[in-house]
Each structure stands twice: as structure tokens, then as C-alpha cells.
Amino acid sequence: MTRPGADGVEKADAARAEDARTDAERAGLARAEDARTDAEPAGQVRAEDARSDAALEDLVRAEVVRHHEVIGRWLAGTAPREAFEEFAGAHAAGFALASPDGRLLSRAEVLAEVEALHGRVPGARIEIRHVTVVAAAGALVVAAYEEWQHGEGRRSTVVFERGPSDRLSWLRLHETRLGRSGAE
């Protein structure tokens with residue numbers, strides 16, 4: 001038994017379904033065309049981003065290594081006392097250090113502790129490994145690295161502020177002990 005007008009309803013439903021398929025196909029073709037049109041500029045932007053990322057990685061790696069060379073010379077006593085400003089000047093006014101033992105130290109506390117260590121570690125040598133940029137947004141750059149001294153390692157995460165002439169200032173440093181390694 002059929003209801004009156006059921007045939008007309010079915011035909012109308014079928015027509016709407018066909019229209020929807022046609023609209024979807026047109027939209028899909030338009031998206032595909034947009035993707036093709038955008039592909040070349042996007043590819044160029046990605047290549048520029050890759051060069052920019054590599055330059056930032058190099059900048060960060062150079063700063064982390066440079067800073068630890070300064071610390072190594074200070075600890076070994078091969079840096080004159082006047083050179084302490086090179087270490088101090090790298091830290092922003094609001095710098096803080098979360099040390100491996102869980103203490104949160106202000107810039108003033110870190111500077112006082114490091115200054116007191118001048119010449120206390122003859123032959124000090126600090127090796128930096130695996131420097132990577134974790135994130136960068138605006139003037140902030142977050143990086144991670146490993147620091148090794150006397151066979152003991154620390155995994156560190158640092159937040160830098162990138163200033164004029166690509167100068168990186170240390171804003172925050174978090175260090176975690178890794179333990180001992182035969183390689184130094």
C-alpha cells in the first residue's frame with residue numbers, strides 16, 4: 001500500500017541529495033584549486049622558516065656554549081675577577097634559576113654563589129650537548145640542552161629574551177640532574 005504523494009516526496013529527496021553531492025564536488029574542486037594555488041608560496045615560506053629556524057638554533061647554541069665557557073674559566077680561575085661582569089650581564093634583571101636540588105634562586109643569589117666560586121674548580125671543563133630550540137614566539141625563545149662536568153650531567157631548559165642585534169638574555173633556567181656518564 002502506498003501513500004498518496006509518496007512518489008513526489010521520494011523524487012524531491014533524491015533531487016536534494018543530488019544537489020548536495022554536486023555542491024560538495026564543487027566545494028572539493030575549489031579547495032583543491034586553492035591548495036594548488038597556495039602550494040608555491042607556502043613552500044617558499046617553509047624554506048624561509050627552515051633557514052630562520054636553523055639561524056635561531058645556531059644563535060642559541062652559540063650563546064649556551066659561550067656562556068658555559070665563561071663559567072668554566074671563572075670556576076677554573078683563569079678569568080680575571082673583572083670578567084665577572086660578562087657572566088652577570090648575560091642574565092636579565094628578573095632572572096631565576098630552578099636548581100637541581102629544587103631551590104629557586106634569584107639573579108642576585110645566583111650571582112653571589114657563582115662569584116664566590118672563582119678559582120674553586122681548577123681545570124674546570126663544561127661540555128654542552130644536544131642544544132635545541134623548543135619554542136620561539138616574539139622575543140621569547142625556549143631551548144633545552146645538556147651540560148656535563150666531571151662525568152655528571154644536567155638537563156636544562158632555558159627561557160631567553162631576544163633583544164636588539166639578536167642578543168639573548170637569560171630569563172629563566174631550570175636544571176635537572178641526569179646522573180653519571182663515562183663520557184665527558
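Our structure's up above, just so we're on the same page.
Residues numbered from 1 in each chain as written. Predicted model: local features only at pLDDT ≥ 70, side-chain atom pairs only at ≥ 80, totals over all residues. Heavy atoms only, no water.

1. A short note on the side chain of Arg129
The following threshold applies: Helix and strand definitions here come from DSSP, where helices need a minimum of 4 consecutive H or I residues and strands a minimum of 2 consecutive E residues; each element is numbered from the N-terminal end. Think of it in three bands: with a 1.4 Å probe and only protein chains considered, a residue is buried below 20% of the maximum accessible area for its type, exposed above 50%, and partly exposed in between. We define a polar contact as two N or O atoms separated by no more than 3.5 Å, with the added condition that, inside protein, one atom must be a possible hydrogen donor and the other a possible acceptor, whereas residues neighbouring each other in sequence contribute only through side-chain atom pairs.
Of note, Arg129 is situated in strand E3 (residues 127-137). Given the relative accessible area of 18%, Arg129 is considered buried. Side-chain polar atoms of Arg129 contact the side chain of Glu127, separated by 3.1 Å.

2. Focus: the sheet that holds strand E6 (residues 168-180)
In sheet architecture, strand pairing relies on hydrogen bonds along the backbone and comes in two forms, parallel and antiparallel. Heads up, the rule is: For two strands to be treated as a pair, DSSP must find at least two bridges joining them. Only the stretch in contact is used when fitting a helix axis, every axis being a line fitted to C-alpha atoms; angles between N-to-C directions are given from 0 to 180 degrees. Any two residues whose heavy atoms approach within 4.5 Å are treated as being in contact.
Strands sit in the order E2-E1-E6-E5-E4-E3 across an open sheet of six strands; the sheet is mixed. Every other strand in the sheet has two partners, leaving strand E2 (104-106) and E3 as the edge strands with one partner each. The average angle at which neighbouring strand axes cross in this sheet is 15°, direction not considered. By the bridge criterion, eight bridges tie E3 to strand E4 (residues 140-149) in an arrangement that is antiparallel. Across the sheet, residue Ala136 finds its bridge partner in E4, namely Val141. Helix H3 (residues 107-116) contacts strand E1 (91-98) and E2 of the sheet and is inclined by roughly 90° relative to E2.

3. Let's talk about unusual backbone geometry
The residue His150 is not glycine, and still its phi comes out positive at about 50°. By secondary structure assignment, the location of His150 is in the loop between E4 and strand E5 (152-162). Using a relative accessible area of 42% as the deciding quantity, one classes His150 as partly exposed. Located in the positive-phi region is Asp166, a residue other than glycine, with phi close to 60°. Checked against the element boundaries, Asp166 lands in the loop between E5 and E6. By relative accessible area, Asp166 is classed as partly exposed at 37%.

4. Regarding the environment of Arg120
Here Arg120 is to be found in the loop between H3 and E3. Judged by relative accessible area, which is 61%, Arg120 ranks as exposed. Distance in space between the C-alpha atoms of Arg120 and Gly77 is 7.1 Å, their sequence separation being 43 residues.

5. A closer look at the side chain of His91
Along the chain, His91 falls in strand E1. Assessed through its relative accessible area of 7%, His91 is described here as buried. A distance of 3.4 Å separates polar atoms of two side chains, one belonging to His91 and the other to His67. What His91 contacts, discounting residues up to four positions off in sequence, is His67, Arg107, Leu111 and Trp170.

6. As for the nonpolar core
We count it as follows: In these notes, a set of buried Ala, Val, Leu, Ile, Met, Phe, Trp, Tyr and Cys residues joined through side-chain atoms within 4.5 Å is what counts as a nonpolar core.
Grouped together as the largest cluster of nonpolar side chains are 30 residues, with contacts concentrated most on Val60, Val64, Phe87, Tyr145, Phe160 and Trp170. Every element with two or more residues in this core is listed here: helix H1 (6-76), helix H2 (84-88), E1, H3, E3, E4, E5 and E6. Ranked by residues supplied to this core, first place goes to H1 with seven residues.

7. Some details on the pairing of E5
Sheet topology note: the E4/E5 ladder contains ten bridges and is antiparallel. Following the sheet pairing, Leu140 is matched in E5 by Glu161. Here E4 hands over to E5 after two residues, with His150 in that stretch at a positive phi of 50°. Sheet topology places E5 next to E6; eleven bridges connect them, and they run antiparallel. Within E6, the residue paired with Phe160 across the bridge is Trp170. What sits between the antiparallel neighbours E5 and E6 is a turn of five residues, in which Ser165 has the positive phi angle 60°.

In short, the description is geometric, and any link to function would need to be established separately.
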